[in-house]
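# Chains, contacts and geometry: an overview
Listed below, chain by chain, are the residues.
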Amino acid sequence: MNLRFIRSFIRCFLFAGVFCQAGGPAAVSAQDRLVIVSPHWEGIRYEFTRGFDAFYRAETGRTAEIEWMDVGGTSEIIRFIKSEYTGKPGGIGIDMMFGGGSDPFMELARLDLLAPYRLPETLLSKLPAEVGGYPVYDAEYRWYGATMAGFGIVYNKRVAELVELPLPETWEDLTDPRLYSWVGGADPRKSGSAHVPFEIILQVYGWERGWQIITALGANARGFANTGSQVPKDVTSGEVAYGMAIDFYAWAQINAVGPDMIGYTMPDNLTILNPDGISILKGAPNMAVAQSFLRYILSEAGQRLWMQKPGPPGGPEKFQLNRFTVLPHLYQRIDPAHTSVTFNPFTWESSFVYDAEKGAARRHIVDDMIGVFVIDAHAALQRRWRRAMEEGDLASVLPALGSVPITEEESLALGDQWRDQAFRNRTLLAWSRLAAEKYGSGAAGWAGARYMLFSGSGLVLAGMVLYLWRLKRKSG
Amino acid sequence: MVSLTLQGITRKFGDVTAVDDVSLEITRGELFFLLGPSGCGKTTLLRLIAGFYAPDRGNILFDGQDVTRTPPHRRNTGMVFQNYALWPHMSVWENVAYGLGLRKVPSSEQKDRVSEALRMVRMDAYGERSPNQLSGGQQQRVALARALVIQPDVVLLDEPLSNLDARLRLEMRDEIRRIHDETGTTMIYVTHDQKEALSMADRMAVMDMGAVAQTGDPRSIYARPVSAFVADFIGETNFVAGRLTSAETPLSVETAVGVLHSTVEPAEGLSPGDEVVCSVRPEAIRVSEPDAAGGEEENVLDGVVRQTVYLGDHEQYSVRLDDGTLVKLVDHHPGRRRAGPGAPIRLKCDASQVVVLGKPG
Amino acid sequence: MPSSRFDLSDLTPGVLAILGILVLFFGLFLFYPLLHVLLNAFFADEQFSIEFFGLMLQSPVQQRALLNSFELGIVTTALTTIIALPMAYALVRYDFIGKGLLGGLALVPMIMPPFVGAIGMKQMFARFGSINLFLLETGLIDAPIDWFGGGGFWGVVILEALHLYPIMYLNIAAGLANVDPSLEESARNVGAGGFRLFRTITFPLMLPGYFAGAIIVFIWAFTDLGTPLIFEFREVVAVQIFNMATDVHANPLGYALVVFVVLVTLALFYLSKKFFGGRHYEMVARGHVMSASRRATSLETVLIWGMLLSITGIALIPHLSVVLTSVTERWFMTVLPSDYTLAYYGQIFEHDLTLLSIKNSLWLSVMSTVIDIVLGVAIAYLLTRRRFPFRDALDAVAMLPLALPGLVLAFGYISGFSGTFLDVRVSPVPLLIIAYAVRRLPYMVRAAYAGFQQMSVTLEEASMNMGAGPLRTLWKITMPLVLANVAAGAILSFSFAMLEVSDSLILAIKEQYYPITKAIYSLMGRITDGPYMASAMGMLGMILLACSLLFTGKVLGKRMGQLFKV
């Protein structure tokens, strides 16, 4: 190897590094800054950064830079915020949280970690108080719904056709044994959007029936992704045919490959539209900027970004966001040719009233129960489910399989104890044993192979070590 | 060039004492040899002088200046390594010029001195070559030039010829000797090859197990070894064991094959009754003609010829003495064969050629 | 000759200073965060307790996860052996047309950051993905094959084996190259032939190399997070740890699992150190004459080509699918995309997030590589040139990051430095650089160590003797001579830093500091064209890694294998 070449290579290398640093990260030159933690995808962040820049300039004549923080999904954000506040109760250096549904905001409000801000009357008057029985903003102005999300079932029409399966109408339809392995799911412990449909099921069908449906649906499930957005992708790729998903994930796929390929349904009277929140965190270092951002988000200019297609004036520049606005009058005002949302949630009627307080209170218990009884024990559950299918006695087996060790009241009471990790883990251990009992370990055929595998490899390893030891001894 | 003084140098590696209380005086301009079997500590001693090791005890003086704690790069020694240690990323010229550059020698002078050094080792035509393109002997010359060009106070040579073939080795011996005479530099030369030492050295130290066994010029060491080890290591010799009966000159030793007398002053104090060995070089033993005048003869050994090897210019005899001791001798005028295998033979040696030494161990 | 080293017992101030810096560095950025994480496993409500270990061992879920992880490790190791052994044998022992090409191709699977491959894999192997659609269209099957079925175990094993076999191949090839051909010849001479020759001579001699590779593969498969996550195969330890660490309540049970994983990897690490400690460096570095290969007959050539091409072909399916997805305009349930575009490659260089992330990655990786060079050279220098107390300990510590899941370290950094000036919320840059540096340091130490080992110490002594001080000697003699090795190690460190996943995902929490990998991850979350854009980014990463490996291979040649050993 030519030495001079290597030398000059290294010189270039170092130069490149220094060069990148010069033009590189953190070139914050704006006068004001705003730190927002958010699970929203990059398109939303891009469009609102751009929009707010103009808005803030017009409002104050100053420039503002938004620092977007990404600490993971909604669950991770909540955990992060809570643990940060235990160390620094006065404020954690973050101004706002944006996105993640409504439950997390209720939880943070209950923990008194949000800073209230009452919007100016001109904006507040245009906001409806509720949609489908669900508050659009907090009565004490600690959080506002920035947009809304509906929950339904996304499905791949071509796959359903090819494998000759029915198209689902309700959550219960997903428990149909013919759909076995064709249902996609996500882990509610990881994904906030995966959690909501399960809570809806528990509320619309009741605790006991609800658990049976969750268990059967889980048995039908192919697997459980870590993010809710993976489900519609798997549906589109044809790995599964059905999945529970937030509306805009589904709309995005439908827009991409066409309504003749992908379908989306919101089960009548069995689902909800709930606000997707934004709020200012307690002790926000840039309070004024944060309040300005809140005004922007809930202004018409901000709300148009959710619904309009990119291109036409007033809308997003690059990304199509496919989200609902929370301003009812905008549904009429935006040119139908320019909107990507064809459904007006304010005309949507549902007899089902979602109990948000209940949902938020037992959220972690329900998620852990789904985790233990459905997701962690998935293999055993599937084996048991298949056996029941072969034996044709699903109806008689389901009540036993779907039984849970605690009642609805107990689930609500457990919330406080759940923070004690030792207690929580002991309970989870007891539950996982119960799950094994319910579904049977059923690993009979596998145990022999596993035994052979381990003893075989143990022998090989021992032999190798012994052999090498002898070799080493011999060579001194 | 400097004179060197080593005072009670001791250096241990773990439990092994590599150099054990060595004291030496090396005068200016001397070609001094450190000679000994492998593991005797001679290379360690050389590296102590170069400064690569620090002694556990003792002092090293260059011209009376204590350099014991001076790091190697401030000692101004020029070392020739056994594997030459030429830097493969530099040309021959650059290798030689390296030390001058460090000494901030002006470049015009550098040029003169490098070419002079290369000329001296007869490598002036190879300046632009890479060391990898040179043969072993050529690399060795470059290493020598590199060591010489900085005009070191002392040149240290660590088995410089051991990686060369026999013919080249002979040639390089003369070469190094010539360069030494030309430059007049103090040189310390480490080798295990006694022929190299005998043929080149002004003076030498024979080392054994970390200690100096004997110091002196080649002749005196060969002729007057002070211990059985030295006698055995330098050249070939015959040992005949016995007991000292008279410590006065001439000494007399009673052996199983008769009394041997020696007129050589013993190196260590011996007293009558001591167990000793008599060392007699093969070339000092003559075959006594059986028909020579009878009567009491001094220093006579009787035995039976075991084997003879005829080599043209000399003939080697291997003789088993009456007590079973094997003795070798060399006949330098092998005009005729004196005795065949199995034939009885009488050997004679001059009392001035018998060295009485303390019994080893 | 007692020893050819410098004066060993003397701890000069310089050496002490270097040691002090190293102790500080490792103490602060390896042991402290590690301890921080591990203490969580032992403390429940501020009290020492091993309850979580009890819970871990009793839980059927965790038991299964532990067994599955072991199984995954064993089966993956076995599979890579089966793939790599004949491959290495053919490439080391036979000469044939296109040997260089095939040898290079064999290494290509390494250039895939596994989670990038996942995008393509889904597109290819979904039940209505390209492969099944192709088979359905050609009438070879009439119902889709469930590739990811069976709980995902085999999917994970196959993807990991396809990703890891080059490491095994490099190790076995190095081991085989190590076997002095004359040994085999002399064995043949006394009548040993065929299998007997392999069993009695070749195998024992290549065993150390094989064992070293096997341990790396095992640890990799045992702790790998990305692949099981992709396949939603959650019953393995790594995924369990990930789940618990990202759990809303930061379940300490996860830390108990971490302790377990660290113990297992350390045990294996110790085993390999104990039996091959320090030896394998030299064995490969000495560079035996490689005259053992012989010309393959034409039949053999055809067989070898067939074998190597089919292995590489299968291993390259994910890469191919990433290439395809990166140029896809529309691809819905067809064998190949129905519309193509190159727009995503253009967007990479226009889009703020991607452009910034490329800059960030370059900067972060360069800085971490500089740290690696300084520390790696210093460590390798101390290890080869000086004797000092706890030398073996330093060696082991420098290699330790190989055995640590990146996840563990990242969490330690987050929690351990929270509230200090290194807090990732202030700026993740320092910790990202350090995390990259720590994680890739072993490669650098390896590379530099090999360089120092090859270089006779007398070359440095000669320089000192000529009057150059230690620093000047280092600069003028030592560095130029180990430069090739250092450059090779630096390039490896650099490119792996560019593609480091777990640290980046966890530590880079502000968008303006996203490195490439997190940008890819973030792009994947983009709803429709996300995967396509992420693939285009992934291609960029692959090209980068391919170039670096090519360069490294050129510099290191046969010694490349030793970079991938414990």
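It should be noted that the structure appears before, not after, this text.
Conventions and cut-offs
- Residues numbered from 1 in each chain as written.
- Chains lettered and ligands numbered in written order.
- Predicted model: local features only at pLDDT ≥ 70, side-chain atom pairs only at ≥ 80, totals over all residues.
- Heavy atoms only, no water.
- Contact = heavy atoms within 4.5 Å.
- Buried area = accessible area lost by both parts, 1.4 Å probe.
- Salt bridge = Lys/Arg side-chain N within 4 Å of Asp/Glu carboxyl O.
- Polar contact = N/O pair within 3.5 Å; in protein donor to acceptor, adjacent residues only side chain to side chain.
- Nonpolar A, V, L, I, M, F, W, Y, C, P; charged D, E, K, R; others polar.
- Core = buried A, V, L, I, M, F, W, Y, C linked by side-chain atoms within 4.5 Å.
- Buried < 20%, exposed > 50% of the residue type's maximum accessible area, 1.4 Å probe, protein only.
- Helix = DSSP H or I, 4+ residues; strand = E, 2+ residues; numbered from the N terminus.
- Patch = residues over 30% accessible without salt bridge, like charges linked within 9 Å, V, L, I, M, F, W, Y side chains within 5 Å.
- Areas by Shrake-Rupley, 256 points an atom, 1.4 Å probe, with all protein chains shown as cover.
- Pairing = 2+ DSSP bridges.

Quick look at the interface of chain C and chain A now. Residue-level contacts link 90 residues of chain C with 95 residues of chain A. Across the chain C to chain A interface the summed buried area is about 8,300 Å²; carbon plus sulfur atoms make up 63%. In this structure, the connection of chain C to chain A is made through one salt bridge. The partner of aspartate 70 of chain A in a salt bridge is lysine 518 of chain C, and the shortest N-O contact between them spans 4.0 Å. Inspection of the region where chain C meets chain A yields six residue pairs in polar contact (both at pLDDT 80 or more). Across the side of chain C that touches chain A, the residue classes break down as 52 nonpolar, 17 polar and 21 charged.

Grouped together as the largest cluster of nonpolar side chains are 409 residues, with contacts concentrated most on Phe98 and Phe293 of chain A. Per-element tally for this core: the top contributor is helix α20 (residues 429-454) of chain C, with 15 residues. Residues Leu301, Val327, Ile345 and Val356 of chain B belong to the second largest nonpolar core, which totals 26 residues.

Before going further, it helps to spend a moment on a nonpolar patch on the surface. Residue and element names in this part refer to chain C. Together, Leu35, Leu39, Phe43, Phe48 and Ile50 make up a nonpolar patch on the protein surface, roughly 520 Å² of accessible area in all. Secondary-structure assignment places phenylalanine 43 in strand β1 (residues 43-44). Judged by its relative accessible area of 37%, phenylalanine 43 is partly exposed.

What follows covers the pairing of strand β10 (residues 242-246) of chain A. All names here are of chain A. Within β10, five of the five residues are buried, which leaves the element mostly enclosed by the surrounding structure. Alternating residues of β10 divide into Tyr242, Met244 and Ile246 and Gly243 and Ala245, and every residue in both groups is buried. Pairing of strand β7 (residues 144-156) with β10 involves five bridges; the strand directions are antiparallel. The partner of valine 154 across the bridge, within β10, is glycine 243. Here two bridges tie strand β8 (residues 183-186) to β10, and the two strands are oriented parallel to one another. Pairing of glycine 184 across the sheet is with glycine 243, part of β10.

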